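Here is what each chain is made of, one letter per residue.
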2 protein chains.
Amino acid sequence: MEVKNILVVSPMYKEIKSLVEKEKINKEFRYLVEAEMVQDDLLWADAFVSFNVNSSYDYSHIKWVHSLGAGVDKFLHNRDWPDGVLLTRTICSFGQRIAEYCLGYILKDVQFHDEFHELQKQRNWSPITPKLISDQKVMIYGTGEIGQNTAKILSGFGAEVYGVSLSGIEKEYFNEVMTVDSHFSQLNEMNYLINTLPLTEQTVKLFDGELFNKLSNVGFINVGRGATVDEEALIQALSNQQLKFAVLDVFTQEPLPEDHRFWSHPNIHITPHISAVTTPEEGVACFLETLKNIDENKPLKNIVDVKKGY
Amino acid sequence: MEVKNILVVSPMYKEIKSLVEKEKINKEFRYLVEAEMVQDDLLWADAFVSFNVNSSYDYSHIKWVHSLGAGVDKFLHNRDWPDGVLLTRTICSFGQRIAEYCLGYILKDVQFHDEFHELQKQRNWSPITPKLISDQKVMIYGTGEIGQNTAKILSGFGAEVYGVSLSGIEKEYFNEVMTVDSHFSQLNEMNYLINTLPLTEQTVKLFDGELFNKLSNVGFINVGRGATVDEEALIQALSNQQLKFAVLDVFTQEPLPEDHRFWSHPNIHITPHISAVTTPEEGVACFLETLKNIDENKPLKNIVDVKKGY
């Protein structure tokens, strides 16, 4: 594939531009915010680099689309992908970032941060023995780059880590990998559930009342996509102590609307989609690495299977 | 050394007893709380197992004293140790426990837990990008079992870890080990200071104004001993932003008195000496392992050098 003209559409385009220009790439670039883009820009470009596509435009003349994020549902969900257009995505440090995000919230729980904070307010010296990560059982949904890196770190601390994937194929760092259909019987033993799954036809509202009903006092961490969770069922599961708490980094609607009841729930911890932020440096590094591999006809590790949706 | 009669003095003596009795040890045991102990018990015993010694008794007839805790300052500080009495201490899972405690508070900071909690209360969706542990520089005081295990875990995440010890001898998992006298010039680059040092003549008020003056916006974690810190200087360093926050698990006086001003300081996080709790299971496992090694004349890994004090 020959790539000459590259269109970068992003609110961060100034930072991206200054980083790309350091590399002296022999290509033509246009940098825009989405509101300034017109159809002619897409006719001019061989490559399109962005966090999303805007469905009012025709992208079928583009040869290669690179997603600056790890998730590509804004490119694929409820949308027909034009035939023959290559789609790649940013992976890079996401695995590590999400693993540290999850580990931080598991340690907050096993080390009783909230409990000691409350006791301190009361000037109350009441020892509680922290739990070790090695005594925890964790189910990770998604065994790709991100899920596997999280499994690697948690199993490194001695946790028992199980995986759930479409295929159920065994992967390193998981005690066992199951399919969605076969994993229900294991759920009652889990201490934590971590969702790293993309949004696809199969994952919409995967976390519903039927699944939550199998749990007892579990910490749920969602770093995948918000629409994989049935919000009503989540609230219910917290009331029933099927869930002990939920740490949510992703939501069906983002930003989370100001009147959403998640904001005020005492056992929901909200972060504004930051568990795997693309810093301009990382987004550019991953884009340039992909560009170099394309120019040199090398295999790409970050191609999206547009049928599977990830 | 022949050990026949073993005196266990602990508020947890019932749990210890039931755990020891599972092992069918061919020794005589007496289990007491401290208030019930009399001098005759100490004349009867070859071995004394406890968290501390009571200075109103004479321990010189005992052959072996085993500390159920890792710290032995309650045995040695401001006290003459009787000649020829072996002192051993519990090490076991302390390294892992303290490492997870420290990692939890570092992740709380780099993942902006407090900031996101405040934003949630305001229903404010304002992304902040978490920092990676690999970008952090950490100085660990004490390069023994506990300091080294903490260094192992943090350097495993890619942090730059430096050590401070009496000898300054290089150890695995530390970029560099320095002596107290030589480490001051490195302090201005640190993001976190972790103290794991025992209380000795050399470490009393080691963390004083002179040391804190070298810091800028540092997170300080004390899992060693409270009396290693000059409390006035700590409060001052927090006011000057030399310290960003202090996580304190140990205090000069424990329990921390109810009227102590640490309780209400917004940037001091207090835990009630729980970073390396001896669970009865672990204390007993470590005591029995030491007993077995003594019976079989094997080398002991947990002997305390009573002159050094650790």
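Computed from a prediction, not measured in an experiment: that's the story for all the values here.

Before going further, it helps to examine the overall build of chain A. The number of helices and strands found in chain A is nine helices and twelve strands. Here the C-alpha atoms of chain A give a radius of gyration of 21 Å, agreeing with the 19 Å that 2.2 N^0.38 yields for 310 residues. With respect to the three principal axes, the spread of C-alpha positions in chain A is 65 × 45 × 35 Å. Relative to its full complement of 310 residues, chain A shows a buried share of 56%. In chain A, of all internal contacts separated by at least 6 residues, the share reaching a separation of at least 24 is 59%.

Our focus in this paragraph is the nonpolar core. As a rule of thumb, nonpolar side chains are buried together in soluble globular proteins. If you look at the biggest cluster of nonpolar residues, it comprises 70 residues, and the most contacted ones within it are Leu103 of chain A together with Leu103 of chain B. Beyond its immediate sequence surroundings of up to four residues, Leu103 of chain B is in contact with Leu103, Leu107 and Phe157 of chain A together with Ile133, Ile153, Leu154 and Phe157 of chain B. Of all hydrophobic cores here, the second largest spans 33 residues; its members include Tyr141, Leu211, Phe220 and Leu256 of chain A.

What follows deals with helix α5 (residues 113-121) of chain A. The complete set of buried residues in α5 of chain A reads His113, Phe116, Leu119 and Gln120 of chain A. Looking down the long axis of α5 of chain A, one finds its buried residues gathered within 130 degrees of arc, a one-sided arrangement. On its buried face, α5 of chain A sits against α4 (94-110) of chain A together with α4 (94-110) and β12 (268-270) of chain B. Phi turns positive one or two residues past the end of α5 of chain A, at Arg123 of chain A, with a value near 50 degrees.

Moving on, we get to the relation of the copies chain A and chain B. For the match of chain A to chain B, the screw axis carries a shift of 0.1 Å, the RMSD comes to 0.1 Å, and the turn is 180 degrees. On the angle and the small slide along the axis, the relation comes out as a two-fold axis. When each C-alpha of chain A is compared by its distance to the rotation axis, Gly104 of chain A comes out closest, at 3.0 Å. The residues that chain A uses at the interface reappear at the interface of chain B in 100% of cases, marking a shared surface.

With that settled, the discussion passes to the domain arrangement of chain A. The extent of an interface is frequently quoted as the accessible surface area lost upon association of the parts. Residue and element names in this part refer to chain A. When the domains of chain A are assigned, the result is domain 1 (5-92 + 278-295) and domain 2 (94-270). Inter-centroid distance (C-alpha atoms) of domain 1 to domain 2 is 32 Å. Every contact between the two is made by twelve residues of domain 1 and, on the other side, eight residues of domain 2. Here domain 1 meets domain 2 over a buried area of about 830 Å², counting both sides, of which 50% is carbon and sulfur. For domain 1, the biggest contributors to the area lost against domain 2 are Asp73, His77 and Ile91; these three give 49% of the whole.

Parameters and conventions
- Each chain carries its own residue numbering, running from 1 in the direction its sequence is written.
- A letter from A marks each chain and a number from 1 marks each ligand, given out in the order of writing.
- The predicted origin of the model limits local features to residues at a pLDDT of at least 70 and limits the giving and counting of side-chain atom pairs to 80 or more, whereas totals for whole chains, interfaces and linings rest on all residues.
- Side-chain numbers come from the whole structure's heavy atoms, not from hydrogens or water.
- In this description a helix means any DSSP run of H or I spanning at least four residues, a strand means any run of E spanning at least two, and both kinds are numbered starting from the N terminus.
- The atom set for the radius of gyration is the C-alpha atoms, and the globule formula is 2.2 Å times the number of residues raised to the power 0.38.
- Residue exposure (1.4 Å probe, protein chains only): buried if accessible area is under 20% of the type maximum, exposed if over 50%, otherwise partly exposed.
- Contacts are residue-level and defined by heavy atoms, with any inter-residue pair within 4.5 Å sufficient.
- What makes a nonpolar core is a set of buried Ala, Val, Leu, Ile, Met, Phe, Trp, Tyr and Cys residues whose side-chain atoms join them at distances within 4.5 Å.
- Regarding the arc, it is the one traced by the directions from the helix axis to the C-beta atoms.
- A least-squares superposition brings the copies together, and it is based on the C-alpha atoms of residues with pLDDT no lower than 70 in both.
- What marks off one domain from the next here is an automatic or database domain assignment.
- Here's the idea: put two parts together, see how much 1.4 Å probe accessible area each one loses, and the total over both is what we call buried area.

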